[in-house]
Amino acid sequence: MNFSFQLGAFKFQAGKATPSPKRSFTAARIDRLSNDWLTPQTSADAELAGALATLRSRSRELERNNEYAQGYLGLLENNVLGAGGVALEMKVVDPGGTPDVLASLAIKKAWQEWGQRDTCTMSGSICWREVEGLAIRRTAADGGLLIREFIGAPNRFGYAVDLMEIDQLDTDYNAVLAGGNEVRFGVERNQWKRPVAFHLFASHPGDSHPRRNGTRERIRVPAAEIIHLFWQERPSQTVGLPWMTSVMQSLEMLGKYREAELVAAREAACKGYAIEQTTPDGYDGEQDANGNPVQETSPGMGLLLDPGQKYIGIDPTHPNTAFGDFVKSGLRGVAAGLRVNYNSLANDLESVNYSSMRAGKLEEVEEYMNVQNWLVESLHNRVFRNWLEMGLVHGAIKMPNGSALPVAKLAKFNVPTWKPRRWPWVDPKKDLEAAILAVNNGFKSRRAVIAEMSQSDIETVFAEQQQDNDLAETFDLEFPADAPPSAAMPDPADLTSTPKQADE
């Protein structure tokens, strides 16, 4: 039974107390240990509103001055694209399913011709492989990149692109327009959040050229002409943020720590000595405005002190013995945030073995493949579709006999297969032997193995093998081919036998 009574200003209660509800999640508690843990319930755009410009500027500063940030961007470009970029393979087929080899070869050849330096961009200053590289690097470092498509460009294909830094997007422009469209960060969207236009500065707002300095003229460009590259992390996100955002502070602090250690180590290496003078007339060198002696030190050099002054030796004991381990620990956290392998980011192969390197490489490769898929979906498919249509309209894609492919068969020809770069494994011999076993035992197809190990497809590889065999016959040469796995791999029993048993 519960009851209560009040006596003056005091209230008394008896019986079983009702327990106050407790939070069931430790991470949701609010106490002295979590008071500084921010819990905003804001949208992606609201979070970016006050931070985007600062994040972009700091990311670029790290790119310029931090070796690990520069190394990460290099790793990203090299592994996502490689030296050759994303290769195009065409597999055009007729309605009956028969491969149209000549059409495939014509489209592939025309794509390579369009990708040359003087054709694919309006400026004529970079080739398509360099466009791919800038797409990866600038999106990662700046949070985005703008590519404008020009239909009817002054080349034989009638199509070209022009690259613009994300700064030309007026991210300070936010408005609700009369027709119901909404502008966020300079991106005009309809009720379904589909971009319909981009509000851009006519030139880079930070350009220091006298003709452009201070110019902030804004123009509206239809979304059909703009490819807005950015990595979307939340459904309602309008613009992207630099990929190094979560580790930028760690990179900056780590860089400053390394700088401090290097300076301290240099000071420690410059230890010299001092001579105390017994007469006041010993020093006749340079003096400052107050008559104090001005002396510089260098390794092995001594100082002259005034009478009565005592030299106090300073031994910084640098570099710190824990310096290397501390830097490694910091870089492991940075590598985790960037989703790359620590050994690759730090260029540190100390104390690694085949198993650890392979495990780390597999995770890293998956991340690069994610970026490759994003790039193909965001850039290559759209550019190829519009290039192909304009190339067909202008009669620029021709068969070996000189006849142009018809624009009426655009749907038939628009079947690109993109082949991004692939990676050699840590121990190619072991992985190749495993692939042979998988194929011979029916666990994997030759097609799958070829796709994993190269940018070619099985048709291309088989055709090249046939050409090699024909060429070898022409020169009356023989090479071993189709050797069974036992010929390439020793019997496990042989590996465990003793020399004596082998002789027997």
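Details of the structure are given in the entry above.
To start, this report covers the structure provided alongside it. (Residues numbered from 1 in each chain as written. Predicted model: local features only at pLDDT ≥ 70, side-chain atom pairs only at ≥ 80, totals over all residues. Heavy atoms only, no water.)

Looking at the overall build of the protein chain
Right, so step 1: The secondary structure content of the protein chain amounts to 16 helices and 14 strands.
Right, so step 2: The burial tally for the protein chain puts 35% of its 504 residues in the buried class.
Right, so step 3: Across the protein chain, the fraction of contacts at a sequence separation of at least 24, relative to all contacts at a separation of at least 6, is 64%.
Right, so step 4: Of the roughly 31,500 Å² that the protein chain leaves accessible, carbon and sulfur atoms contribute 53%. (Helix = DSSP H or I, 4+ residues; strand = E, 2+ residues; numbered from the N terminus. Buried < 20%, exposed > 50% of the residue type's maximum accessible area, 1.4 Å probe, protein only. Contact = heavy atoms within 4.5 Å. Areas by Shrake-Rupley, 256 points an atom, 1.4 Å probe, with all protein chains shown as cover.)

Digging into the side chain of Gln 372
Right, so step 1: On the secondary structure map, Gln 372 appears in helix H9 (residues 354–393).
Right, so step 2: One polar contact links the side chain of Gln 372 to the main-chain carbonyl oxygen of Val 80, over a distance of 3.0 Å.
Right, so step 3: Beyond its immediate stretch of four places on either side in the chain, Gln 372 contacts Asn 79, Val 80, Pro 420, Arg 421, Arg 422 and Trp 423. (Polar contact = N/O pair within 3.5 Å; in protein donor to acceptor, adjacent residues only side chain to side chain.)

Remarks on the nonpolar core
Right, so step 1: Counting 85 residues, the largest nonpolar core has Ile 107 and Trp 387 as its most contacted members.
Right, so step 2: A total of 13 residues in this core trace back to one element, the largest contributor, which is H9.
Right, so step 3: Ignoring sequence-local partners within four residues, the contact set of Trp 387 consists of Ile 107, Ala 110, Trp 111, Trp 114, Phe 157, Tyr 159 and Ile 397. (Core = buried A, V, L, I, M, F, W, Y, C linked by side-chain atoms within 4.5 Å.)

A short note on the sheet that holds strand S5 (residues 159–165)
Right, so step 1: On the basis of which strands lie adjacent, the open sheet formed by three strands has the order S5-S4-S11 and antiparallel pairing. At either end of the open sheet lies a strand with only one pairing partner, and these are S5 and strand S11 (226–229). Within this sheet the neighbouring strands show an average axis-to-axis angle of 20 degrees, counted without direction.
Right, so step 2: Sheet topology note: the strand S4 (residues 145–151)/S5 ladder contains seven bridges and is antiparallel. (Pairing = 2+ DSSP bridges. Axes fitted to C-alpha atoms, helices over the stretch in contact; angles between N-to-C directions.)

What to know about helix H7 (residues 323–338)
Residues separated by three or four positions in an α-helix point in the same direction, a consequence of the helix having 3.6 residues per turn.
Right, so step 1: Between its first and last C-alpha atoms H7 spans 23 Å; for 16 residues at 1.5 Å apiece the expected length is 22 Å, and the two agree.
Right, so step 2: Here H7 has its buried residues at Val 327, Leu 331, Val 334, Ala 335 and Leu 338. Seen from one end, H7 has its buried residues packed into an arc of 100 degrees, which puts them on one side. Away from its buried face by more than 90 degrees, H7 exposes Asp 325 and Ala 336.
Right, so step 3: Looking at the buried side of H7, the elements it contacts are helix H3 (67–80), helix H6 (248–269) and helix H8 (342–346).
Right, so step 4: Positive phi shows up at Arg 339, right after H7, with a value of about 60 degrees. (Expected span 1.5 Å × (residues − 1). Arc of directions from axis to C-beta.)

With respect to the packing of H6 against H7
Right, so step 1: The interhelical angle for the contact between H6 and H7, taken along N-to-C directions, is 165 degrees, at an axis separation of 10 Å. With respect to H7, the axis of H6 lies roughly antiparallel. When the axes of H6 and H7 are compared, the crossing they make is left-handed. The residues of H7 that touch H6, namely those facing Ser 250, Leu 251, Leu 254, Tyr 257, Arg 258 and Glu 261, are Phe 323, Phe 326, Val 327, Gly 330, Leu 331 and Val 334. (Parallel < 35°, antiparallel > 145°, perpendicular 65-115°, else oblique. Left-handed = near helix turned anticlockwise from the far one by under 90°.)

Thoughts on the pattern of salt bridges
Right, so step 1: Evaluation of the coordinates by the stated rule reveals 25 salt bridges.
Right, so step 2: A salt bridge links Asp 45 to Arg 184, with the shortest nitrogen-to-oxygen separation between them at 3.0 Å. In this pair, Asp 45 sits in helix H1 (residues 44–49) while Arg 184 sits in strand S7 (residues 182–184), placing the two residues 139 residues apart along the sequence.
Right, so step 3: Note on Arg 184: relative accessible area 27%, which makes it partly exposed. (Salt bridge = Lys/Arg side-chain N within 4 Å of Asp/Glu carboxyl O.)

Re the packing of aromatic side chains
Working definition: an aromatic ring pair is given by the centre-to-centre distance plus the angle between the planes.
Right, so step 1: Per the counting criterion, the structure on display carries 17 aromatic pairs.
Right, so step 2: Taken together, the ring pairs in this structure connect Trp 111, Trp 114, Trp 128, Phe 157, Tyr 159, Phe 384, Trp 387 and Trp 418 into an aromatic cluster.
Right, so step 3: The lysine or arginine in question, Arg 218, covers the ring of Tyr 173, its NZ or CZ lying 3.9 Å from the ring centre.
Right, so step 4: Its guanidinium or amino end placed over the ring of Tyr 342, Arg 332 lies 4.8 Å from that ring's centre, counting from NZ or CZ. (Phe/Tyr/Trp six-rings, centres within 6.5 Å; stacked < 30°, edge-to-face > 60°. Lys NZ or Arg CZ within 6 Å of the ring centre and 35° of its normal.)

Things to note about the packing of helix H2 (residues 52–65) against H6
Right, so step 1: Contact pair H2 / H6: the axes reach a minimum separation of 11 Å and the direction vectors enclose 40 degrees. Considering their axes alone, H2 and H6 lie oblique with respect to each other. Considering how the two elements wind past one another, H2 and H6 form a crossing that is left-handed. Residues Leu 55, Arg 58, Ser 59, Glu 61 and Leu 62 of H2 touch H6, and the partners they reach there are Met 248, Leu 251 and Glu 252.
Right, so step 2: Considered class by class, the residues forming the contact of H2 with H6 number four nonpolar, one polar and three charged. (Nonpolar A, V, L, I, M, F, W, Y, C, P; charged D, E, K, R; others polar.)

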